[in-house]
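So you can see what is in the structure, the chains are spelled out below.
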Amino acid sequence: MISRPTHPPVPHAGTELYDASRDEAVAEAPVVDTSPVRLNALQRLVQRFSVLGLLGLLIVLFWLLVAFVGPLVAPYKGGALTSTEIFGRYSAAYPLGTDYLGRDMLSRILYGARYTVGLALAAAMLASTIGTFFGLLAAVSGRWVDEVLSRLFDALISIPSKVLALVVIAAFGSSIPMLTTVAALAYIPGAFRISRSLALNLMGLEYVQVARARGEGLLYIARVEVLPNMIHPMLADFGLRFVFIVLLLSGLSFLGLGVQPPNADWGSLVRENIGGLSEGAPAVLMPAVAIATLTIGMNLLIDNLRRRSRSHGDA
Amino acid sequence: MKAHAQRLIAARLGLALLTLLLVSAIVFGVTGLLPGDAAQQALGQAATPEAVAALRHQFGLDQPALQRYGEWLFHIVTGNFGTSMSNNLPVSELIATRLPNSLVLAGLTAVVSVPIALLIGITSAMFRGSLLDRVLNVLTLSTVAVPEFLVATIAVLIFAVKLRWLPALSYLSEVNSFGALLRIYAMPVMTLCCVIVAQMARMTRAAVLDQLNSSYVEMAILKGASPVRVVLRHVLPNTVGPIANAVALSLSYLFGGVVIVESIFNYPGLASLMVDAVTNRDMPLVQGCVMVFCAAYLALVLIADLCQIVSNPRLRR
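Definitions and cut-offs
- Residues numbered from 1 in each chain as written.
- Chains lettered and ligands numbered in written order.
- Predicted model: local features only at pLDDT ≥ 70, side-chain atom pairs only at ≥ 80, totals over all residues.
- Helix = DSSP H or I, 4+ residues; strand = E, 2+ residues; numbered from the N terminus.
- Buried ≥ 20, exposed ≤ 12 C-beta atoms within 10 Å, placed from the backbone.
- Contact = placed C-beta atoms within 7 Å.
- Axes fitted to C-alpha atoms, helices over the stretch in contact; angles between N-to-C directions.
- Parallel < 35°, antiparallel > 145°, perpendicular 65-115°, else oblique.
- Left-handed = near helix turned anticlockwise from the far one by under 90°.
- Nonpolar A, V, L, I, M, F, W, Y, C, P; charged D, E, K, R; others polar.
- Core = buried A, V, L, I, M, F, W, Y, C linked by C-beta atoms within 7 Å.
- UniProt positions renumbered as here; feature names shortened; annotations may be inferred.

So what exactly am I meant to see when it comes to the overall build of chain A here?
Looking only at helices and strands, one finds 12 helices and zero strands in chain A. Listed by position from the N terminus, the elements making up chain A come as α-α-α-α-α-α-α-α-α-α-α-α. By the burial criterion, 50% of the 315 residues in chain A qualify as buried. Relative to all contacts within chain A whose residues are 6 or more apart in sequence, the contacts with residues 24 or more apart total 72%.

Shown next, in the form of structure tokens:
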């Protein structure tokens, strides 16, 4: 039989926040493809997304693109001192103003995208992969492996992510690999928990029971029967991890404990230019706006994906 | 049945303590064991081996790891967190002076945010699918995704810089009247509320909707009860448990939020103490702060759990 957990896991605001809304399928008319006319790819894409979802997708794609080509299209080199005016306003030469040393803010943000988006992407991938692996392991192998893993990850989730990050940085200092590790570490438990519960549900389904009765090994069941059916929800979860990690890392950088100078992610850009706040300088507002658009865009995208996949399942 | 509920509560309590023990092992492992030789670091590369050995003995670093962990744990349980490395004051004293400030901040945030969040959550659940619900959904979804420092920066820009209503930094020593108290706490509390309200409202909405989908609600609607009556009379009493759970869980988010907010407003709380400790690499202080944070977090989660159990009439009888 499938072993059920004896204790409910320690609840956690971060993971429960988005599992919450189970109602939309009822509230919204399900998307059923009634028209027999073949739609072209663009129309199908538009049909799958609501306006807000599409907006989210575009924003996320935009920032991903910027992370890859940003430094190539930046008007000035990253650290170049180009203007004598500090905390300059919006102008033709410096579209987003200049920072506390007179550097072009647009270029700083374009260069910073690599850190903010890139680091978060790497950390979220690590967290999701490792979390899924252990979640699957716990669900498939049952009893005491499950129990030990669950206890361990529950302990890890009981350290608030920012606090955990602070502890690790206090012990090991702040470097790019360390930041990636700590961000991943903070969000592995969430990914573990979701993948474990998904896998446990799948383990109870008939076709898995059939595979067991056929005498298939656990590895085969995990790889062929369970994992492919977890991919879709885990991808949505990956988006969430990404948002949380962006917030965590930029928060750390804002405290001066994240990406260290001369490199700068968007959080450090806000910190560097906080002196310009009293003048309302774009240098302090723009990087913050960049972070907010990235995370809000991702959230809108995920929200859209969740609703559509849910109503699709019901239809 | 009452015995059953008590057993359940005892089990949760035991589980929380076990988790706290594991947390302490993780914290000690990360801060005490992994970083390597504290004595060597303290003395630098040029130190003689004898000096390093002497300091190692003084720090107790020549003991086996498990024994060091045991001693450390014993000290913490008895309230002795060691001495801060940067100013030689006892860590417990430092924490004791800062903790009340943080609790006041958290308490005020809770008092402000809970009613607003419940109002938003219940309203959007009552009118689900409506324009209002959708607008609130997008609003809360966006607020959750906005970093605290953006909210704080914008608040400072508007209220301290442009309007000059509020001070940009929190100096608690200047509190001498209720008005001054309000002025100082307004912005930190507002910032914390922003993020927490969104989270709490979403969870509340989900809890209410969960009940709205059940068959007794359908029955009430078929009977001809008005939507408001269905929600207030039939649904709300049944959602007290889940909502209390949601509130406690969202409040646990405060522990992350205060780290940023206290630093921005220079608020003399526990979180800013910890950030300073991390910057100075003051390990005993870091360990002490983390353990207090985690214990408080677990206590809140435990309360959330207990709310769920106590409010369930099937377990109460």
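Quick question: what am I supposed to make of the packing of helix 8 (residues 178–212) of chain B against helix 11 (residues 254–264) of chain B here?
Two numbers describe a pair of packed helices, the interaxial angle and the distance between the axes. Residue and element names in this part refer to chain B. Where helix 8 meets helix 11, the closest approach of the two axes is 10 Å, and the angle between their N-to-C directions is 140 degrees. The angle between the axes of helix 8 and helix 11 places the two elements in the oblique class. Once helix 8 is placed against helix 11, the crossing between them reads as right-handed. On the side of helix 8, the interface is formed by Pro188, Thr191, Leu192, Val195 and Ile196, while helix 11 contributes Leu254, Gly257 and Val261. Looking at the contact of helix 8 with helix 11 residue by residue, the classes come out as six nonpolar, two polar and no charged.

Sorry, what's going on with the interface of chain A and chain B here?
Size of an interface: often given as the accessible area lost when the parts come together. Between chain A and chain B, the contact holds 51 residues from the first and 54 residues from the second. Sorting the residues of the side of chain A that touches chain B by element identifies helix 1 (13–19), helix 2 (24–27), helix 6 (143–157), helix 7 (161–172), helix 10 (218–254) and helix 12 (282–314) of chain A as the ones contributing at least two each. The leading source of residues in the side of chain A that touches chain B is helix 7 of chain A, at 10 residues. Among the residues forming the side of chain A that touches chain B, the class breakdown is 34 nonpolar, 10 polar and seven charged.

For this particular structure, what's the right way to read the packing of helix 7 of chain A against helix 13 (residues 283–310) of chain B?
Running from N to C, helix 7 of chain A and helix 13 of chain B point in directions that differ by 165 degrees, and their axes come no closer than 11 Å. Classed by the angle they form, the pair helix 7 of chain A and helix 13 of chain B counts as roughly antiparallel. In this structure, helix 7 of chain A crosses over helix 13 of chain B, and the sense of that crossing is left-handed. The residues of helix 13 of chain B that touch helix 7 of chain A, namely those facing Val163, Val167 and Ala170 of chain A, are Met283, Val286, Val290 and Phe293 of chain B.

When you look at the nonpolar core in this model, what are you seeing that I'm missing?
Most often, soluble globular proteins keep nonpolar side chains buried together rather than apart. Among the nonpolar cores identified, the biggest contains 182 residues, and Val167 and Ile245 of chain A together with Cys289 of chain B are the most heavily contacted of them. Leaving out residues up to four positions away in the same chain, Cys289 of chain B has contacts with Ile95, Leu270, Leu273, Met274 and Ala277 of chain B.

Help me understand the UniProt feature "transmembrane region" (unreviewed entry) in chain B, please; the structure alone is not making it clear to me.
Residue and element names in this part refer to chain B. Feature annotation in UniProt places "transmembrane region" (unreviewed entry) on residues 103–123, 135–160, 180–198, 243–265 and 285–307, given in this structure's numbering. Helix makes up 100% of residues 180–198 and strand 0%, and the two end C-alpha atoms of the span are 28 Å apart. Overall, residues 285–307 shows 100% helix and 0% strand. The separation of its end C-alpha atoms is 33 Å.

Can you walk me through the environment of Ile291 of chain A in this structure?
Along the chain, Ile291 of chain A falls in helix 12. A sequence separation of 48 residues divides Ile291 of chain A from Val243 of chain A, and the C-alpha atoms of the two residues are 9.7 Å apart. In this structure Ile291 of chain A touches Thr116, Val246, Ser250 and Trp266 of chain A together with Pro147 and Leu150 of chain B, once residues within four positions along its chain are discounted.

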